[in-house]
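Structural characterization, general
One-letter residues, chain by chain:
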Amino acid sequence: MYVAVKGGERAIDSAHAWLAEERRGAPDVPELSIAQIREQQGLAINRVMAEGSLFDPDLAALAIKQARGDLIEAIFLIRAYRTTLPRFGASRPVDTAAMACDRRISATFKDVPGGQVLGPTFDYTHRLLDFALAAEEGTPGDAADEAQGADRNADPPRKPHVLGFLDRDGLIEPASREPDLAHSAPADLTREPLELPASRALRLQALARADEGFLLGLAYSTQRGYARNHAFVGELRIGTVAVEMDIPELGFAIEIGEITMTECETVNQFTGSKSEPPQFTRGYGLVFGQTERKAIAMALVDRALRWEELGEDFVGAPAQDAEFVLSHADNIQATGFLEHIKLPHYVDFQSELELVRKLRRDAETGAEGAK
Amino acid sequence: MGEIEKRKGWMGLLARAPTARLAALWQGFGLEPEHTLLRPPEIGAVMVRGRAGATGAPFNLGEMTVTRCSTRLACGAVGHGYVQGRDKAHARTAALIDALMQTPCADALSAAVLDPLAAELDLTRSRRAARAAATKVDFFTLVRGED
Amino acid sequence: MDTDALSGGFADAPVQAAHAFRAAMTAMAQPGRIRQVAGAAPPAPLSAAAGTLVLALCDADTPVHLTGVHDTPMLRDWITFHTGAPLCAAGACSFAIGVWDALRPLDRFACGTSDYPDRGATLIVETDRLEPAGATLQGPGIARQAALSLPETDVFRRNAARFPLGLDFFFTCGDRLAALPRSTKVTS
């Protein structure tokens, strides 16, 4: 129960003033600019864009600055901002085969056409703190020189997906079991409330904006045996893709920009069912920005949620349970409900207190009566 | 190349152009044509879609910010700008250039603004591709386990 | 798209849309009260008032249905360019536009569901005459009673009887409009 109460305005104003000072930190340390955050905290920017569900690196940088580096608070700011924007329309589905790849690896085929391109990865670092960075040295040694020798036209315009090779041999399920949906408008959970059972399109949208930590935990649970689905990363690619939209006043589609994204396709084991021969199955992850951990986790959870359409058993694992996953994956919903319990509940609690006192009184009188 | 393909080309280029660079090149061109705004610059969002399994059924991935503007020149040519981000001047410039590209000054404008932009974006892209290519793995076999 | 369809939108959208929305909201809150709106210069035969409502209320999430003489290529283009609203069949629309005879029969429009009564359609009825005389209106937002020149009364009486389901109406004439929500009781 909520009761409107007044008071505390001065306390709130003072709290906000102090918050602003704390955000700024010691005044003798130079203030961070939006450009510095955008350029030097790129992976935090990517997470805020992915989970804020809005691709705009400058806005994400502003949100991180304002939120003092609390990424969930920053995501909250982005989500709030995006509701104020008019929706001009929807893009054509992005063509990830035409991605300009910074990174493209496969754990299933060593010799993929185009080769294994590592890109700017942490993978082979030693995870030792680099105290040289603490010395505030400028730009790292000019690796661009190394790149001079490489073929500038190494990047072909189209890079077919690795899973396509398995598809050609009929060893993997088709990418879509719903060919009739290829040209229809998918449901949008930012416009219509989520209703269950949710289509795969809705599930993928929810996963793409889901909390990275939550997805990571769920995906890990499938690897440890809760609805195990034996995933290999068939292909992981990171790079930029063009976004095209049909413009009604023109009568044709144009490019409206370019975004960075991470795509992960997993190859999963499947022993076959009554209707399907033994073959590999797929999980899919697609996320804004360079967000590799999230994209892999998304693909694993996507695959786990597909048990019903693949004719598998529901073994009661959390990652299989669409109601559980989709209802708890959004960190803004979760934090909103979680944190609201710190706000005044004086009347609620008063009534509970009364109830406990009454029950104790009743118990005491009952005990005396029984004597 | 057909007229539509050409127009798609320059509109896409204007959408992707770095805001400050476009502003500098446009200012360098030095034309401020008389025009009326049919739709003043407006900041909004476009829902970006992907496909399940890269080629399957579409789904909504998330939005991106886009600014758009439509304008009509005194000569009647209508231009539209749809550009990434939230810069109103960028969208207005894109709309004006789109309109002017349908007039006799197209060649001069192309040489002064669009060609340099395209060349710079190509260079950025090929530099990045070269950086990626430098991280390509050369596998070599240490020991063959055939014995 | 005909480039003539590209003019006639709001010149200062945030301010004009806010004024238009305020006018539409107040009209719904005070059924039968006639007020003036401005901002849109839509192609014929759409009135300035109806055009202003369309610009303020319609977007990509509100499918629009055009009936009769209002279903012209120019008007379709104008709505598409300025609002992004998809054009659709009567049964799927959030807003329908036309003269009274073209809009009828009304049972083809969505009247909402008991879970989502807000999914009922809003009809923008273009009229030649809009006066505070004729049918008697009573209900929420009306002090005692109001009068409005309605094309008929029976259909509005039946519409109100389905409350909370039902259709809502704007009546437009030139740059003036009045509203009749489903909560209003109409008698002749």
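Residues numbered from 1 in each chain as written. Chains lettered and ligands numbered in written order. Predicted model: local features only at pLDDT ≥ 70, side-chain atom pairs only at ≥ 80, totals over all residues. Heavy atoms only, no water.

What follows covers the domain arrangement of chain A. Under the domain assignment, chain A is made up of domain 1 (8-82), domain 2 (96-132 + 140-329) and domain 3 (341-370). Averaged C-alpha coordinates put domain 1 of chain A and domain 3 of chain A at centres separated by 44 Å. (Domains from an automatic or database assignment.)

On to helix 4 (residues 57-66) of chain A. Among the residues of helix 4 of chain A, those classed as buried are L59(A), A60(A), A61(A), A63(A) and I64(A). Buried positions along helix 4 of chain A lie against helix 2 (34-40), helix 3 (42-52), strand 1 (54-55) and helix 5 (71-82) of chain A together with strand 2 (58-73) of chain B. Backbone geometry just downstream of helix 4 of chain A places R68(A) in the positive-phi region, at approximately 60°. (Buried < 20%, exposed > 50% of the residue type's maximum accessible area, 1.4 Å probe, protein only. Helix = DSSP H or I, 4+ residues; strand = E, 2+ residues; numbered from the N terminus. Contact = heavy atoms within 4.5 Å.)

As a further point, take the state of the cysteines. All names here are of chain A. Taken as a whole and assessed by the stated rule, the structure comprises zero disulfides over all chains. The thiol of C264 is unpaired, and the distance to the nearest cysteine sulfur, on C101, comes to 13 Å. The buried category is assigned to C264, whose relative accessible area is 0%. (Disulfide = S-S within 2.5 Å.)

All names here are of chain B. One can describe the packing of helix 2 (residues 19-29) onto helix 3 (residues 88-100) by two numbers: an axis separation of 10 Å at closest approach and a directional angle of 50°. Comparing their axes, helix 3 and helix 2 come out oblique. Here helix 2 runs over helix 3; the crossing is left-handed. Here helix 2 contributes T19, L22 and W26 to the contact with helix 3, which in turn contributes H90, T93, L96, I97 and L100. (Axes fitted to C-alpha atoms, helices over the stretch in contact; angles between N-to-C directions. Parallel < 35°, antiparallel > 145°, perpendicular 65-115°, else oblique. Left-handed = near helix turned anticlockwise from the far one by under 90°.)

What follows deals with the environment of A38(C). Residues and elements named next belong to chain C. Among the secondary structure elements, A38 is positioned in the loop between strand 1 (35-36) and helix 2 (48-57). Using a relative accessible area of 61% as the deciding quantity, one classes A38 as exposed. For the pair A38 and G166, spaced 128 residues apart in sequence, the C-alpha separation works out to 28 Å. In this view, A38 contacts F10 and T52; residues no more than four positions away in its chain are not counted.

Taken as a whole, this structure holds 49 salt bridges over all chains when the rule is applied. With a shortest N-O distance of 2.7 Å, R87(A) and E63(B) are connected by a salt bridge. Highlighted residues: R87(A) in strand 2 (residues 87-90) and E63(B) in strand 2, drawn from two different chains. Of the two residues, R87(A) and E63(B), both sit in the buried class. A salt bridge links E235(A) to R104(A); the shortest N-O distance between them is 2.8 Å. Taken as a pair, E235(A) in strand 4 (residues 231-247) and R104(A) in strand 3 (residues 100-105) lie far apart in primary sequence, 131 residues in all. Residue classification places R104(A) among the buried positions, given a relative accessible area of 4%. (Salt bridge = Lys/Arg side-chain N within 4 Å of Asp/Glu carboxyl O.)

Residues and elements named next belong to chain C. If you trace the six strands from one edge of the open sheet to the other, you get 1-8-7-4-3-2, paired in mixed fashion. Sheet topology places strand 1 and strand 2 (64-66) at the edges, where each strand pairs with a single neighbour. Two elements, strand 7 (residues 168-173) and strand 8 (residues 176-180), share five bridges in a ladder whose sense is antiparallel. Across the sheet, residue F170 finds its bridge partner in strand 8, namely A179. (Pairing = 2+ DSSP bridges.)

So, on to unusual backbone geometry. In this model, A44(C) is joined to P45(C) through a cis peptide bond whose omega is 5°. Relative to the assigned elements, P45(C) resides in the loop between strand 1 and helix 2. Here the amide bond leading from F163(C) into P164(C) is cis, since omega sits at 10°, within 30 degrees of zero. As for its placement among the helices and strands, P164(C) is situated in the loop between helix 5 (154-161) and strand 7. Located in the positive-phi region is S53(A), a residue other than glycine, with phi close to 65°. Not every positive phi belongs to a glycine, and A54(B) is a case in point at roughly 70°.

Take D77(C): it is sitting in helix 3 (residues 73-83). Buried D77(C), no salt bridge; nearest opposite-charge side chain is R76(C), N-O distance 7.7 Å. (Lys, Arg positive; Asp, Glu negative; His and termini not counted.)

A few words now on the interface of chain B and chain A. It is common to report an interface's size as the accessible area lost on association of the parts. Contact with chain B, which involves 56 residues of that partner, is made by 75 residues of chain A. Interface area, chain B with chain A, both sides summed: about 5,700 Å², of which 63% is carbon and sulfur. On the chain B side of the interface with chain A, the three residues burying the most area are R49(B), L61(B) and E63(B), jointly 13% of the side's total. Scanning the region where chain B abuts chain A turns up seven salt bridges. Between E258(A) and R125(B) there is a salt bridge, and its shortest N-O distance comes to 3.9 Å. Applying the counting criterion to the chain B and chain A interface returns 26 residue pairs in polar contact (both at pLDDT 80 or more). Every element with two or more residues in the side of chain B that touches chain A is listed here: helix 1 (3-16), strand 1 (35-51), strand 2, strand 3 (78-84) and helix 4 (106-133) of chain B. Looking at the side of chain B that touches chain A, its residues break down into 26 nonpolar, 15 polar and 15 charged. Of the pairings in the sheet, the one linking strand 2 of chain A to strand 1 of chain B comprises three bridges and is parallel in character. Counterpart to G89(A) in the pairing with strand 1 of chain B is V46(B). (Buried area = accessible area lost by both parts, 1.4 Å probe. Polar contact = N/O pair within 3.5 Å; in protein donor to acceptor, adjacent residues only side chain to side chain. Nonpolar A, V, L, I, M, F, W, Y, C, P; charged D, E, K, R; others polar.)

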